[in-house]
Amino acid sequence: MEKKISIANRQVILNYNKAYPKNREALLKSSTFRKFIEYFIRVEKDLDHAVYMYLTCDEKYSIEEAAQKFCTFLRLLAVFEYQELAESADYGTEYTRDRNALGNVIEEIYRGWRSLQRFGFMNSLNTPEFGINTLVARDSDMNDLILRTYRLFEEKIQGRMNRVYRQVQAGTNACFSVHMPKEGFNKDYAGLKDIPVIDCVMLRTPMILHPKSSKRTGMFTKSEINPMEYLAVDPNEWFCLPLKVGKLLCYVYFNTKYTASALSMANLFELADMDESEKRPDLLMIFGNEDGKNETVYYHDEKNGIWVGCISDDPRVEYFGYLKKMALTLHNLAMMEKGWLPIHGAMVNIVLKDGRKKGIVLMGDSGAGKSESIEALKHVGKDLIKSVEVVFDDMGTIHMENGVPYGQGTEIGAFIRLDDLDPGTPYRDMDRSVFFAPENPNSRMVVPAATYEFITENHPIDLFCYANNYTDAIGMKELPVEEVKETCKAGTRMALGTTQEVGLSKTYFANPFGPMQEQELCEPLIDTVFEAMKNDGVYMGEIYTHLGFDKSNRQGIEDAAKELLNFITKEE
């Protein structure tokens, strides 16, 4: 991105290589600050007409003129006291006509700045002696500069010092460094070679975002055309985020409109290092393609061995679930091709205080009660359980080595509905989390859960249960392998509105992210893996969560958690 500042759609992106004020004087004189004031006045014309009229002096000045004059006034106020300006024949301005109104304007400007999703970036290769400390220091200094500048004006206008100070995030929500790739990884993807690649991300957590959408709709469908054929990308308006999804390398190319969602991926997936970001990826995503198609598709580039996903630019896709689920869909398709079975569910290792460990897999579609069951297990087993190691929270795989089934994860974090957790859980982890619209229904958080090295290890499986939220059975039940297999393939659940579905529904293998689209590829893998689990003595059955009946009544899930705890703690 060559611009100093990009500001639109409730978002601002600062290019620290081109616009980085080292002090208050430089900040107030900068074209970047003036552009923000212009943007603010335009917004206030519709939101708060009184503020707009004050800044334009009752429309005496155009928006551009008002922004320039107000910036000049602020430079004066940074030097002189308010009363000096108000009484001075030489420096008095129209902006000192009402102290209270001016104080309100300053508050609204500060609030308007902080209501934006704010990001900064810099080039890591063109900056002498660049390191992560350079990025963090520069961003932290910006945060401190904006906070001190706001306080200066606030205190001068009110005529006294503050008595309470709050060290809020006044600068950016996140920052990152980029580099230009040395060369394109493949000539068929030359249209992407000039897009800067992210090599380091710093999130200011808790990071609270307010996306336009809070639910994913539609399906990921197969395309016979490589999206590269209708690529609509301006390299100056796009970035690439290289991630590790499970053991696969995934390049996420995203339109800067969706910077907030894209950077949040760094809390969920391992960021690839700079050397890896020069390799051919296994998976490739194009997010926010301005093609006018309003589609979410994937394509298998068999020639180059790449699974390609494309999500069209549209306000509805300003939701983190689109990025996450497309990445997992591509991962699942690639892993099925390798003979690994994707599992839509959760796997944890329960470590007891006596040293024993059990690998637990709960499978089910969204809203079935996987996360809730594990949270309930933590509660009922708090006196016996030493720790809970999360292998995967949403999507993982089972594969065989020497006939033995093992589980592996895909994500280093968890994307969780706040309503699914015990009331205190979000607050316990909030200092490391990204929150999406916590004020709305279906609000979610992304929180780190495990290291990349841990999730990509082979984890033995002791129990595999389908999370049943649609029948009135109680607890947990062991079933014959064929019955479990058919239950899993039917993928029945009572949908609770966490996606676009409500009511009883069926999804092939409870997994609309790959297996449902490629059932012929998935079917033999199910047979092989379930037979291997049977032969390895894995407990297989159903766990009854009751969430489809009364989500507010926790008794059903408590009963299931108690039986699960009995299995884990029983002597062998």
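Now for a quick tour of the structure.

How each quantity is defined
- Along each chain, residue indices are assigned from 1 in the same order as the chain's sequence is written.
- For a predicted model such as this one, the threshold for reporting local features is a pLDDT of at least 70, and the threshold for listing and counting side-chain atom pairs is 80 or more; totals across whole chains, interfaces and linings nevertheless cover every residue.
- Excluding hydrogens and water, the side-chain figures rest on all heavy atoms present in the structure.
- Where helices and strands are cited, they refer to DSSP runs of H or I of at least four residues and of E of at least two residues respectively, numbered from the N terminus.
- Each radius of gyration reported is based on C-alpha atoms, and the globular scaling rule is 2.2 Å times the count of residues to the power 0.38.
- Exposure is judged per residue with a 1.4 Å probe applied to protein chains only, and the accessible area is read against the type maximum: over 50% gives exposed, under 20% gives buried, and values in between give partly exposed.
- Any two residues whose heavy atoms approach within 4.5 Å at even a single point are treated as in contact.
- Per-residue and other accessible areas were derived by the Shrake-Rupley procedure at a 1.4 Å probe size, with only the shown protein chains allowed to occlude residues.
- Charge assignment: positive for Lys and Arg, negative for Asp and Glu; neither His nor the chain ends contribute.
- Where a charge lies is defined by one atom per residue type, namely NZ (Lys), CZ (Arg), CG (Asp) and CD (Glu).
- One speaks of a salt bridge when a side-chain nitrogen belonging to Lys or Arg is within 4 Å of a carboxyl oxygen belonging to Asp or Glu.
- Put simply, a disulfide is two cysteine sulfurs that come within 2.5 Å.
- For each structure, a 1 Å grid was placed over the protein atoms alone; sets of points admitting a 1.4 Å probe that cannot get out are labelled cavities, open sets with protein on both sides within 12 Å along at least five of seven lines are labelled pockets, and lining residues have an atom within 4 Å of a point.
- Grid points are joined across faces, edges and corners, and a volume is the space filled by probe spheres set on the points.
- Amino acids are sorted into nonpolar (Ala, Val, Leu, Ile, Met, Phe, Trp, Tyr, Cys and Pro), charged (Asp, Glu, Lys and Arg) and polar (every other residue, Gly among them).
- Residue count minus one, scaled by 1.5 Å, sets the expected span of a helix.
- In this description, a line fitted to the C-alpha atoms serves as the axis of each element, helices being fitted only across the stretch in contact, and the angle between N-to-C directions of two axes falls anywhere from 0 to 180 degrees.
- Note on terminology: angles under 35 degrees are roughly parallel, angles over 145 are roughly antiparallel, angles of 65 to 115 are roughly perpendicular, and the others are oblique.
- Working rule for handedness: look at the near helix, and if it is turned counterclockwise from the far one by less than a right angle, call the crossing left-handed; if clockwise, right-handed.
- Here, strands pair whenever DSSP counts at least two bridges between them.
- By nonpolar core we mean a set of buried residues, namely Ala, Val, Leu, Ile, Met, Phe, Trp, Tyr and Cys, connected to one another through side-chain atoms within 4.5 Å.

Some words on the overall build of the protein
- Within the protein, the secondary structure is distributed over 15 helices and 27 strands.
- What you see for the protein is a C-alpha radius of gyration of 27 Å, in line with the 25 Å of a compact globule of 572 residues.
- In terms of principal-axis extent, the alpha carbons of the protein reach across some 90 × 55 × 45 Å.
- Relative to its full complement of 572 residues, the protein shows a buried share of 58%.
- For the protein, restricting intrachain contacts to residue pairs at least 6 apart in sequence, the fraction spanning at least 24 positions comes to 75%.
- Accessible surface, the protein as shown: approximately 23,600 Å² in total, 48% of it carbon and sulfur.
- Positive and negative side-chain charges of the protein, numbering 67 and 85 respectively, have mean locations separated by a distance of 4 Å.

What to know about the pattern of salt bridges
- If you walk through the whole model with that rule in mind, you get 28 salt bridges.
- Between R10 and E318 there is a salt bridge, with its nearest N and O atoms 3.1 Å apart. Separated by 308 residues along the polypeptide, R10 in the loop between β1 (5-8) and β2 (11-15) and E318 in the loop between β13 (306-312) and α9 (320-337) bring together distant segments of the chain.
- On the basis of relative accessibility, which here comes to 9%, the residue E318 falls in the buried class.
- The partner of E375 in a salt bridge is K378, with the nearest N and O atoms 3.2 Å apart.

Comments concerning the state of the cysteines
- Summed over all chains, the structure comprises zero disulfides.
- With no disulfide partner, C71 has as its closest neighbouring cysteine sulfur the one in C57, 13 Å distant.
- Cysteine C488 shares no disulfide, and the gap to the nearest cysteine sulfur, in C465, comes to 9.2 Å.
- You can call C488 buried: its relative accessible area is 0%.

Thoughts on the layout of surface pockets
- Taken as a whole, the largest pocket encloses approximately 460 Å³ of empty space.
- In this structure, the largest pocket is lined by 27 residues; those nearest its centre are L27, F33, F36, W113 and I146.
- Breaking the lining of the largest pocket down by element, the ones donating at least two residues are α1 (24-29), α2 (31-47), α4 (63-77), α6 (99-115) and α7 (132-158).
- For the lining of the largest pocket, a count of residues per class yields 21 nonpolar, four polar and two charged.

Overview of unusual backbone geometry
- In this chain, T205 is followed by P206 through a cis amide linkage whose omega measures -5°.
- The topology assignment puts P206 in the loop between β5 (197-203) and β6 (207-209).
- With a phi angle near 50°, N294 is a residue other than glycine that sits in the positive phi range.
- Residue placement: N294 occurs in the loop between β11 (283-289) and β12 (296-301).
- What makes N294 partly exposed here is its relative accessible area of 42%.

Quick word on α7
- Between its first and last C-alpha atoms α7 spans 39 Å; for 27 residues at 1.5 Å apiece the expected length is 39 Å, and the two agree.
- Backbone geometry just downstream of α7 places G159 in the positive-phi region, at approximately 75°.

Some details on the packing of α9 against helix α14 (residues 519-535)
- Between α9 and α14, the shortest axis-to-axis distance is 10 Å and the interhelical angle comes to 60°. Between α9 and α14, the crossing angle belongs to the class labelled oblique. Seen from above, α9 lies across α14 with left-handed handedness. From α9, L333, M336 and E337 reach across to α14, where they touch L521, C522 and L525.
- Of the residues belonging to the contact of α9 with α14, the class tally is five nonpolar, no polar and one charged.

Concerning the sheet that holds strand β21 (residues 444-448)
- Strand order across the open sheet formed by four strands is β6-β20-β21-β19, with mixed pairing between neighbours. In the strand order of this sheet, the two ends are held by β6 and β19 (413-417), each with one partner. Across the sheet, the axes of successive neighbouring strands diverge by a mean angle of 15°, strand direction being ignored.
- Taken together, the three bridges between strand β20 (residues 434-436) and β21 define a ladder with antiparallel strand orientation. Looking across to β21, one finds that V434 is bridged to V446.

Some words on the nonpolar core
- One finds F464, F509 and F530 to be the most contacted residues of the largest nonpolar core, which totals 83 residues.
- Per-element accounting of this core gives the leading share, 11 residues, to α9.
- With sequence-adjacent residues up to four places away left out, F530 is seen in contact with L341, F464, V481, V484, K485, C488, F509 and M540.
- With 50 residues, the next largest nonpolar core counts F36, F73, I109 and I157 among its residues.

Side note on empty space enclosed by the protein
- All told, the structure shown has five cavities of 30 Å³ or more when counted by the stated rule.
- Counted as a void, the second largest cavity has a volume near 110 Å³.
- Class assignment of the residues belonging to the lining of the second largest cavity gives a composition of nine nonpolar, three polar and three charged.

Details of the environment of K222
- Its location among the elements puts K222 in strand β7 (residues 221-222).
- Overall, K222 belongs to the partly exposed group, its relative accessible area being 46%.
- Sequence-wise, K222 and V233 are 11 residues apart; in three dimensions their C-alpha atoms are separated by 22 Å.
- Setting aside residues no more than four positions away along its own chain, K222 makes contact with Y298 and E518.

Quick notes on the pairing of strand β3 (residues 117-123)
- Counting buried residues along β3, seven of its seven residues qualify, which places the element largely inside the surrounding structure.
- Burial along β3 is two-sided: Q117, F119, F121 and N123 facing one way and R118, G120 and M122 facing the other are all buried.
- Where β2 meets β3, five bridges bridge the pair, whose relative direction is parallel. Pairing of Q11 across the sheet is with Q117, part of β3.
- Taken together, the five bridges between β3 and strand β4 (residues 174-179) define a ladder with parallel strand orientation. Looking at β4, one finds that G120 is bridged to C175.

A word on the pairing of β19
- With five of its five residues buried, β19 lies for the most part within the structure.
- Here β19 shows a buried face lined by G413, F415 and R417 and a second buried face lined by A414 and I416.
- As paired strands, β19 and β21 are joined by five bridges and run antiparallel to one another. When the bridges of β21 are listed, F415 appears paired with V446.

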